[in-house]
Amino acid sequence: MTALLLLVMLAGAGWAGLVLLQDRTARDASIQLQELSQSYARELRARLAEATATVQSVIIYDAGPGGSWLQQRTQRAASIRGVVVARTPGDPVGPLGALSASEQMALSSGSTLLIAAPGKGASQVYLVHNANIGATTVVALFELSSEWLWQGLRDSSHGGSTLAVIDSGGLLLDSSATLSDEELAQLVRERDAVAEPAEHPAPRSWITGHRAWQGTVGRVVPGSVHLVAEPWSVLAYAPAPTLSSALLTVTEHLPWLLCVALVLAAVAAWYLSRGWELTLLELRHSLRGLADGRYERIGLGKSRDAPRAVAVEFNRAVGLMEERVRALNSLNDIDRLLLESGDLEQSLDTVLGLIQRITGSHNVSLALIDQDAPGHARAYIAAAAAAPIPVSRISVDVELVETLQQQRSGLTVLRCEPIRHSFLEPLRALGAEFFWLWPVCSQERVVAILAVGYKSAPEVPPELASYGTECATRLGVALSNSARDEQLYRQAHFDALTSLPNRLLFRDRLAQELTSAAAGGQRGALLYVDLDHFKKVNDSVGHSAGDQVLTIVAQRLRSCIKDGDTVARLGGDEFTVILRNAGNPDGALRIANRIIQSLQQPVSIAGRDHFVCASIGITMFPDDGTTIDELMRNADLAMYQAKAGGRARAVFYDRQMERMPPAAESGLFRALRRREFSLYYQPQYSLRDGKLVALEALLRWQPPREGMRFPAEFVPAAEQTGLIVDIGVWVLETACAQLATWRNQGIAPERLAMNVSVYQLRQLDFPEVVRRALEHFDVPAKLLEIEITESVFADDEARSTMRQLAMLGVRLSLDDFGTGYSSLGYLRQHPVQAIKIDRSFIEDIPQNDTAATLAETMINMAHALGKVVVAEGVETSEQLEFLRARRCDMAQGFFLAHPRTAADTTELLSARQSAELGLSRQTG
Ligand code: C2E
Ligand code: MG
Ligand code: MG
């Protein structure tokens, strides 16, 4: 730019110089022309004066005949070429023609006349004077010598200018160059244009033949008093100087000019390159610094013009870059902080400080909107040079929040409105007047507002909006994460139904309590709470009512403990309570009893009262155990003791309980929860027609990764722990469900038998449980056969239960007949429809006579009492034949059929059905 300006200026100066030069040349030329015409005019005057003097000197003499004497006298005068004499003054005077009156008068007064006349080629100039030839006055014409008069006119070059002399009549007397008529006419016009008399030659300029001319008009005034003449004009002129002519003048000085220009150029080059060099050096240095992460500006002191502009631009770019990198670093810091700290609120102070730095603001606030009360929020504030500001509760305008939702790139607030922007009050109180807001969104919902405050409307960098949006996005992600973390944590650690800690969190807390108990020496208690008869609620009013009951139970449990203690739900109707600092066992027992009492209050669901009570096992730590599993097993054992002891009670763990078959008890408990039990079915056939009459359901336990277990291995333990009650309910329901399925398929046998333990019969509600199961699966009571053992007769509670079962219409049979202590009297008294002769009596028939007699007696005796007889454990055809011959009604045993799975039994039943159908068609 500067260079261009310099060029233009140079050109301008050159042009102006040229114009000035041209002007100057014109003036010089004009002066030269003036001098030329003036000097020539002077010369002419002198010559004319000389010629006049010559004429005057000879005229006093007689002219001689025809003027011959005059001729002789002037022969030697260079100025006179010849003399002609006219006879009278009135006659035409030779080539001059007639003289005018005034001329004649001047002649007669003795004056000399100067007259020019056109001649052949050039004009002739004459001096005219009266002369005397004798007494006669004549007029003598002295022709002036042209060579003499005009000498120096033609040959002198006059520096390219032209000299022309014209008389008053416009006759060209002579000129240094040949003139055209047009040129002559122009000269006459120029001469006429000059006012008379002129002291000095007057300058003129004109244009002819497309050329500009300049010249001067001088006058030749007669230099002698005797000479009478009209004045002549001497014109000196030359072409007017042009630019090119001016240039030509310049070229004369070209070498010098070139030298000066070169020196100037060198100086300018040095000056310019010095400016650039410094700037470039600094640029290089600064760029190196940039690569190393330093943002150094270039000094402007020494650089000028273009380098300065470059430096200013560079500095601006470096400034912007530095600002952006700083912002990016701060954003990175924010990312790191948010990623590293699990808790957003903990890192918020630092994060807000960083946001303040990025946005260059005076203060920053983050208003976390309450999700359950959208008009309210918690404000976190960071301000320049202010100590941490406590979190404050503020209200936010719901409409503004909606507007913000559409404005991810932010909104500015120049003037705070009292209600709409009340949440900015804390920032205003800290001195901010101008605000920029961004929505912080999580899952498309505004969850917070990020606001930055400035003391005055800032010179907002274009990046501010995007920086703010970036920060808001990061906060949004962090808030979503923490919300999700919270949710995931809740899902993983809390029971969805009751919001109580789940098994995982329970174990975690118990582990903590065990550690602190071990360290601090204080005592804690673990309570295992299992609801009694909760299944009844589910069965009678449905699962959603059951869920409501569980929720209420959870609330009651919570209300029974103090802060710091834990109530957890392990699943189903099992709860645990951790009592920290339980002190002595009495304290734990008091709380357990409080729980039992509180749960015994009826629970009203949909207008119906439900009664749930709980059996609680208590174990103390670290006294009873130091590991979670140990304590859980203890509490579990104690809880089953409570159940076995009649429910709705709390029982302390006692090492005595360990004597129960260890593999069985806790394994059984798990087995029931994990559905590891199944039922196998063994057919009973009629010995009269060989038809399948009934099936007996037999319990099997399949622990994972172990072999199948048979009832003899675990039923005694189940009976000891009381678990047999719950297992029994499962058997009842499973058997009824299966029977219902077979009934639906049309393949059901006449009866389905199941075994019950005397422990089950001691449960007073057992008949009710059976009734409900039958009702639930829509199975007629007479299809169900319950096998009891002789021990029932020795137990009052069981006996009464048995009677109630009989009243339901359920068929009863006496299992393992002959092994217990029953009497015929019992058989007669009680409503037992069948007896099953124990396998040990069948084993030895028919070869062993005693056995054969015993079996035969049993059959006869039972028949006598009107009971149906079933033989168990029939393993051979001989046994079968013997029994048939002794009119035993039915037989069951491996010889006839092994117990089999439900699926295999279904197959068997279907096959039997088609066989019977085929048979009936044949007979039909
Ligand atoms: P049980 O009621 O007398 O059942 C007959 C037992 O004799 C069954 O043994 C059956 O598999 C077996 N058995 C059947 N035919 C033969 C045979 O020809 N030879 C031999 N050696 N054994 C035969 P399991 O299933 O092991 O049951 C044993 C006992 O466990 C049952 O005797 C019953 O008292 C009890 N039990 C079975 N299921 C249940 C149940 O669901 N609840 C209760 N409380 N007790 C059950
Ligand atoms: Mg049986
Ligand atoms: Mg038996």
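Residues numbered from 1 in each chain as written. Chains lettered and ligands numbered in written order. Predicted model: local features only at pLDDT ≥ 70, side-chain atom pairs only at ≥ 80, totals over all residues. Heavy atoms only, no water.

Student: Report on the site of ligand 1, specifying residues and quantitative values.
Tutor: Taken together, 22 residues surround ligand 1, and among them Asn 755, Asp 815, Glu 872, Glu 875 and Phe 894 come closest. One nitrogen or oxygen atom from the side chain of Asn 755 is found 2.9 Å from an oxygen atom belonging to ligand 1. Between Ser 757 and ligand 1, the recorded distance is 3.5 Å, taken from a backbone N or O atom to a nitrogen atom. In the complex, 83% of the free accessible area of ligand 1, which totals 780 Å², lies under the protein chains. Going through the elements one at a time, β25 (692–701) and β28 (811–817) are the ones with two or more residues in the shell around ligand 1. Ranked by residue count, the leading element in the shell around ligand 1 is β25, at 4 residues. Broken down by class, the residue content of the shell around ligand 1 amounts to 8 nonpolar, 6 polar and 8 charged. (Near = heavy atom within 4 Å. Polar contact = N/O pair within 3.5 Å; in protein donor to acceptor, adjacent residues only side chain to side chain. Areas by Shrake-Rupley, 256 points an atom, 1.4 Å probe, with all protein chains shown as cover. Helix = DSSP H or I, 4+ residues; strand = E, 2+ residues; numbered from the N terminus. Nonpolar A, V, L, I, M, F, W, Y, C, P; charged D, E, K, R; others polar.)

Student: Go over helix α26 (residues 849–864), please, and point to the residues and values.
Tutor: With 16 residues, α26 extends 22 Å between its outermost C-alpha atoms, agreeing within 8% with the 22 Å of an ideal straight helix rising 1.5 Å per residue. Within the span of α26, buried status applies to Ala 851, Ala 852, Ala 855, Met 858, Ile 859 and Ala 862. Around the axis of α26, the buried residues are gathered within 130° of arc, so they sit on the same side. Structural note: α26 exposes Asp 849, Thr 850 and Ala 864 on the side pointing more than 90 degrees away from its buried face. Among the structural elements, β28, β29 (834–837), α25 (839–842), β30 (868–871) and α27 (877–885) are those in contact with the buried residues of α26. (Expected span 1.5 Å × (residues − 1). Buried < 20%, exposed > 50% of the residue type's maximum accessible area, 1.4 Å probe, protein only. Arc of directions from axis to C-beta. Contact = heavy atoms within 4.5 Å.)

Student: Residue-level account of the sheet that holds strand β2 (residues 112–117), with values.
Tutor: Judged by pairing direction, the sheet is mixed, and its 5 strands sit side by side in the order β1-β4-β3-β2-β9 without closing on themselves. Looking at which strands have only one partner, the edges of the open sheet turn out to be β1 (80–86) and β9 (227–229). Neighbour to neighbour, the strand axes of the sheet diverge by 30° on average, direction disregarded. As paired elements, strand β3 (residues 124–133) and strand β4 (residues 136–144) share 8 bridges and run antiparallel to each other. Considered in β4, the bridge of Val 128 is made with Leu 141. (Pairing = 2+ DSSP bridges. Axes fitted to C-alpha atoms, helices over the stretch in contact; angles between N-to-C directions.)

Student: Quick one: what's the story with the packing of helix α13 (residues 503–520) against helix α17 (residues 628–644), residue by residue and with numbers?
Tutor: Interhelical geometry of α13 versus α17 gives an angle of 110° and a closest axis separation of 10 Å. Comparing the axis directions of α13 and α17 gives the class roughly perpendicular. On the side of α13, the interface is formed by Arg 503, Phe 506, Arg 507, Leu 510, Ala 511 and Leu 514, while α17 contributes Ile 628, Asp 629, Leu 631 and Met 632. Of the residues belonging to the contact of α13 with α17, the class tally is 7 nonpolar, no polar and 3 charged. (Parallel < 35°, antiparallel > 145°, perpendicular 65-115°, else oblique.)

Student: Lay out a nonpolar patch on the surface with the relevant residues and their values.
Tutor: Taken together, the side chains of Trp 270, Tyr 271, Leu 272, Trp 276, Leu 280 and Val 310 present a nonpolar region at the surface, about 570 Å² in accessible area. Per-element tally for the nonpolar patch: the top contributor is helix α7 (residues 254–291), with 5 residues. Among the residues examined, Leu 272 registers a relative accessible area of 39% and is labelled partly exposed. (Patch = residues over 30% accessible without salt bridge, like charges linked within 9 Å, V, L, I, M, F, W, Y side chains within 5 Å. Salt bridge = Lys/Arg side-chain N within 4 Å of Asp/Glu carboxyl O.)

Student: Go over a positive patch on the surface with me, naming the residues and quoting the values.
Tutor: Among the surface-exposed residues, Arg 503, Arg 670, Arg 674 and Arg 705 lie close enough to one another that they form a single positively charged patch. Relative to the assigned elements, Arg 503 resides in helix α13. (Lys, Arg positive; Asp, Glu negative; His and termini not counted. Charge placed at Lys NZ, Arg CZ, Asp CG, Glu CD.)

Student: If you had to explain the sheet that holds strand β22 (residues 613–621) to someone new, which residues and values would you point to?
Tutor: Strands sit in the order β18-β19-β17-β22-β23 across an open sheet of 5 strands; the sheet is mixed. Every interior strand has two partners, whereas the edge strands, β18 (566–571) and β23 (650–652), have only one. Here the strands of the sheet are splayed against their neighbours by 20° on average, with no regard to which way each runs. Contacts from α17 reach β17 (524–532), β18, β22 and β23, with the element oriented near 140° to β22.

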